[in-house]
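# Overview (structure and organization)
Letter by letter, the chains look like this.
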2 protein chains.
Amino acid sequence: MDLIRRNALEVVPEEDLAKKLERSRSTGTPLIVKQGFDPTRPDLHIGHAVSIRKLLDFQDLGHQVVFVVGDYTARIGDPSGRSETRPRLTGEEIAANATTYAEQVGKLLDLAKVRVEYNSSWLAPLQLAELLELTATTTVARMLERDDFAKRYDEHRPISISEFMYPLMQSYDSVALKADVELGGSDQKFNLLMARAVQERYGQEPQVALIMPLLRGTDGDAKMSKSYDNYIGITEAPEQMFGKTMSIPDALLDEWYRMASGLSGDALASAVARIAAEPYAAKRALGELIVGLYHGEGAAAGASSHFDRLFKEHAAPDDLEETTLSLGDIRLKYADGTMWVPGALVATGLASSNSEAMRLIEQGAIAIDDDKVDDRNARVAAAEGRVLLLRRGKRQYARVLLIG
Amino acid sequence: MDLIRRNALEVVPEEDLAKKLERSRSTGTPLIVKQGFDPTRPDLHIGHAVSIRKLLDFQDLGHQVVFVVGDYTARIGDPSGRSETRPRLTGEEIAANATTYAEQVGKLLDLAKVRVEYNSSWLAPLQLAELLELTATTTVARMLERDDFAKRYDEHRPISISEFMYPLMQSYDSVALKADVELGGSDQKFNLLMARAVQERYGQEPQVALIMPLLRGTDGDAKMSKSYDNYIGITEAPEQMFGKTMSIPDALLDEWYRMASGLSGDALASAVARIAAEPYAAKRALGELIVGLYHGEGAAAGASSHFDRLFKEHAAPDDLEETTLSLGDIRLKYADGTMWVPGALVATGLASSNSEAMRLIEQGAIAIDDDKVDDRNARVAAAEGRVLLLRRGKRQYARVLLIG
């Protein structure tokens, strides 16, 4: 129980999990532990890894992990056309994404012991009569309790009836699998609990919802997500992982140590205790830990010295702000591979706003690598790994490493 | 246009109907005029006949009337189990009910020219992907505008998501038929208008909703319906029809003349004008008109004199209240074929409440056919057509004809 509960945000309800674990032990029947996978997003990042490592805990205890590939909805897309986040994929794209996903997950747990199911196998044959049965399992009021629905309904923004079908379909996945436990982020809590009610209506024992925390992204603002360009993919190169970790705000260090470093127990406690006094050293150590988790310890040391080497290639004053700039940030990078200079000045703190940055350029106060910038909309070549020395006036400098 | 509009409560929108009629005339293509039929209720009453006669108008103008038998929903029942009004039927029951229905409709229009479609033929093959497309055609807010949904939502009474599917399924019937016009009672207005929006989403020209008024039942309280036991079936015997018409409250006469007498123009106007001065004569004339519509004029005269004969068989005082009692009234009739005397005293106005009626019996003040009643829960045999003389005290009488 303690192992399962560790790092979980919530277990709903705890007593059901205890009961299921106890029964599983006494009967020798493994629990069915469900994890959904959206095949429109095959790239796993280190935030997903929090859940995957929890599945590893279940695997280590002898339970059956089942990945449910949501191929059905990926294949039909969103008929309301409202959601750009749910594109329509072909069967080949879905298969390719599932393979990519499996390769990544394989870095974290034993794939040979994982069952993979495609939800089209039970959703595609459903007919209207069965669907009416499924839609009879819940009420409009219950559905409108979901935060995003409630908000949109209150604000008189349209909610298509088809949107009500998605939580029901996800719940039906749990019915089809007779799931005992489902893992999901806190944004999935409503759906995971709805599945409990639906399973009961189908005469099944309801699953336990294991709610995992969402890791915040490198920007510290939002949950880690490819669509916010604030993520570290688990297949990224050691140098990328290290550089991106170096770019996170200090305020994230505690959370990242707990969820993404792989440390636990005393090692975690002492690492966390040091953050306040030595944030820069703590960040470097975190970067090495993350690289070590996905690429081994040797890679960690290499990535760390690579980071230093890039900086040392350029001479610089002693009182220098060293930082990284992510080229993933759409406010900075153009499609032609150049970076917008005023944006970079704001991102490094040399200017407080785009308009101030432009005014400084017009005043001749800005230089890059000792060349004065004179176009207020100047762009510079922005290859990954490039180091730029930005200067404001005579004394303010920022040395930035461009990362992916 | 005038013919079509006559007796209709609303045509939504009028200009679309004008356009469709005009195009039909110029291209020689008949309009598809849809009328739904709920096979769980095969018995047509004279309220339904208002719509059916409207279909006859379309037939006379050369348009194609299509009866849609709602066999799909009748076969699956209501999975929410909430509605007792939507029982689950077998294929044989549906076929038998459809035959019964056809026989009755055949009394009013030319069945050889009517197309009959079973909605299972397009609903049964629907799969989840198509259903998601259908559910994407409308929004939760729009659905909650329907009066009964709005009321229940406001009162925090549960609405199953499956209930949202029924208006969509009915709308899909219109898509499958490419309906130009759909007829329905005012309680169907929401569904008929939703079909317009759904057809547009499927790239079709939306149908015109022809809203027909609902005839109130013999009790004057609610719409005519078998479930309220306040109806006159179009296959009932002439004597029944006449007797039940004699039992309606005077306040219904105007409405029934307009909707159920078959009269129009000047004949209708002069019949209606006479109601206030001679309600009893007007009611008898209405009874004869209704019998005449469904059984021919000869039958009308027969039913009328049968009514008189039944009363004359029993001697009675001159200042007598003559009335009918419907054995369909569940407050009166028991399953064993007997009628509860206190209830009959209240129904005829001889007592103001059941408790007063019981007290009068205990005081020895009540007699039936000159036999004193002494059991406060007395029952009497209640065969149709029987005439009873109820007496309270020495002077108050009611002579009642028991009808079905």
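Everything that follows concerns the structure shown earlier in this document.
A few points on the structure. (Residues numbered from 1 in each chain as written. Chains lettered and ligands numbered in written order. Predicted model: local features only at pLDDT ≥ 70, side-chain atom pairs only at ≥ 80, totals over all residues. Heavy atoms only, no water.)

## Topic: the overall build of chain A
Scanning chain A from N- to C-terminus turns up 18 helices and 13 strands. In terms of overall dimensions, chain A has a C-alpha envelope of 75 × 50 × 40 Å along the principal axes. Across the 404 residues that make up chain A, the buried fraction comes to 51%. For chain A, contacts bridging at least 24 residues in sequence account for 68% of all contacts bridging at least 6. Carbon and sulfur atoms provide 48% of the accessible area of chain A, an area that totals close to 18200 Å². (Helix = DSSP H or I, 4+ residues; strand = E, 2+ residues; numbered from the N terminus. Buried < 20%, exposed > 50% of the residue type's maximum accessible area, 1.4 Å probe, protein only. Contact = heavy atoms within 4.5 Å. Areas by Shrake-Rupley, 256 points an atom, 1.4 Å probe, with all protein chains shown as cover.)

## Concerning the interface of chain A and chain B
Taken together, the 34 residues of chain A in the interface contact 34 residues of chain B. For the chain A and chain B pair, buried surface summed over both sides reaches about 2700 Å², with 76% attributable to carbon and sulfur atoms. Three residues stand out in chain A for area buried against chain B, namely A:L128, A:L132 and A:I161, and they jointly supply 26% of the buried area on that side. Counting across the chain A and chain B interface gives zero salt bridges. When residues of the side of chain A that touches chain B are assigned to their parent elements, the largest contribution, seven residues, is made by helix α10 (residues 161–177) of chain A. Class assignment of the residues belonging to the side of chain A that touches chain B gives a composition of 25 nonpolar, seven polar and two charged. (Buried area = accessible area lost by both parts, 1.4 Å probe. Salt bridge = Lys/Arg side-chain N within 4 Å of Asp/Glu carboxyl O. Nonpolar A, V, L, I, M, F, W, Y, C, P; charged D, E, K, R; others polar.)

## Looking at the relation of the copies chain A and chain B
In summary, the two copies of the chain are related to each other by a rotation about an axis coupled with a shift along it. Placing chain A over chain B gives an RMSD of 0.3 Å and needs a rotation angle of 180°, together with 0.2 Å of translation along the axis. Those values place the two copies in the arrangement expected of a two-fold rotation axis. Across chain A, the smallest distance between a C-alpha and the rotation axis is recorded for A:Q127, namely 2.8 Å. With an isologous cut-off of 70% or more, the 100% of interface residues of chain A that recur at the interface of chain B puts this contact in the isologous class. (Least-squares fit on C-alpha atoms with pLDDT ≥ 70 in both.)

## So, the sheet that holds strand β6 (residues 208–212) of chain A
Residue and element names in this part refer to chain A. One open sheet holds the six strands; their spatial order is β1-β6-β5-β2-β3-β4, and the pairing between them is mixed. Of all strands in the sheet, those bounded by a partner on one side alone are β1 (10–12) and β4 (115–118). The sheet shows a mean angle of 25° between the axes of neighbouring strands, direction not considered. With three bridges connecting them, β1 and β6 associate as antiparallel partners. Bridge pairing in β6 links V11 to L210. (Pairing = 2+ DSSP bridges. Axes fitted to C-alpha atoms, helices over the stretch in contact; angles between N-to-C directions.)

## So, the pairing of strand β13 (residues 396–403) of chain A
Residues and elements named next belong to chain A. Along β13, seven of the eight residues are buried, which leaves the element largely enclosed by surrounding structure. Looking at chain direction, strand β12 (residues 387–392) and β13 are connected through six bridges and run antiparallel. If you follow L388 over to β13, its bridge partner there is V400.

## Re the pattern of salt bridges
Residue and element names in this part refer to chain A. Evaluation of the coordinates by the stated rule reveals 58 salt bridges over all chains. The partner of K20 in a salt bridge is D180, and the shortest N-O contact between them spans 2.9 Å. On the criterion of sequence distance, the pair formed by K20 in helix α2 (residues 14–27) and D180 in the loop between α10 and β5 (181–185) is long-range, its members being 160 residues apart. Looking at K20, the relative accessible area reads 1%, which means it is buried. R157 is paired through a salt bridge with E155; the nearest N and O atoms lie 2.7 Å apart. Given a relative accessible area of 40%, E155 falls into the partly exposed group. Salt bridges linked by common partners bring K20, R23, D180 and E205 together as one network.

## Considerations on the side chain of B:K283
Residues and elements named next belong to chain B. With respect to the element layout, K283 can be found in helix α15 (residues 279–295). Using a relative accessible area of 9% as the deciding quantity, one classes K283 as buried. Beyond its immediate sequence surroundings of up to four residues, K283 is in contact with T245, M246, I248, P249, D250 and L253.

## Structural notes on the packing of aromatic side chains
Residue and element names in this part refer to chain A. Under the definition given, this model contains eleven aromatic pairs over all chains. Between F242 and F307, the ring centres sit 5.5 Å apart and the planes meet at 65°, which makes this aromatic pair edge-to-face. Note that F242 is positioned in helix α12 (residues 238–246) and F307 in helix α16 (residues 297–312), a separation of 65 residues in sequence. An aromatic cluster is defined as three or more aromatic residues linked by ring pairs; in this entry it consists of F37, F67 and Y101. Of note, R146 hangs over the ring of F149, and the distance from its end group to the ring centre comes to 4.2 Å. (Phe/Tyr/Trp six-rings, centres within 6.5 Å; stacked < 30°, edge-to-face > 60°. Lys NZ or Arg CZ within 6 Å of the ring centre and 35° of its normal.)

## Quick look at unusual backbone geometry
The omega torsion across A:V12 and A:P13 is -15°, close enough to zero to call that bond cis. Considering the arrangement of structural elements, one finds A:P13 in the loop between β1 and α2.

## As for the side chain of B:T138
Inspection of the secondary structure puts B:T138 in the loop between α7 (128–135) and α8 (140–143). Not counting residues up to four positions away in its chain, the partners in contact with B:T138 are A:I159, A:S160, A:I161, B:M143, B:L168 and B:M194.

## Re helix α13 (residues 253–260) of chain A
Residue and element names in this part refer to chain A. In terms of burial, α13 is a largely internal element, six of the eight residues being buried. Buried residues of α13: L253, E255, W256, Y257, M259 and A260, and no others. Contact partners of the buried residues in α13: α3 (48–60), α12, α14 (265–274) and α15 (279–295). Downstream of α13 by one or two residues, G262 has phi in the positive range, about 80°.

## Points about the packing of α13(A) against α15(A)
Residue and element names in this part refer to chain A. For the pair α13 and α15, interaxial distance at closest approach is 11 Å and the crossing angle is 25°. One element, α13, and the other, α15, form an angle in the roughly parallel class. Here α13 and α15 pass one another in a crossing that is left-handed. Between α13, through L253, W256, Y257 and A260, and α15, the contact on the second element is made entirely by P279, A282, K283, A285, L286, L289, I290 and L293. (Parallel < 35°, antiparallel > 145°, perpendicular 65-115°, else oblique. Left-handed = near helix turned anticlockwise from the far one by under 90°.)

## Some details on helix α3 (residues 48–60) of chain B
All names here are of chain B. Along its 13 residues, α3 runs 19 Å from first to last C-alpha, staying within 8% of the 18 Å computed at 1.5 Å per residue. Within α3, the full set of buried residues consists of A49, V50, S51, I52, R53, K54, L55, D57, F58 and Q59. Following α3 by one or two positions, G62 adopts a phi angle in the positive range, close to 95°. (Expected span 1.5 Å × (residues − 1).)

Everything listed here is a matter of coordinates, which is why it stays silent on function.
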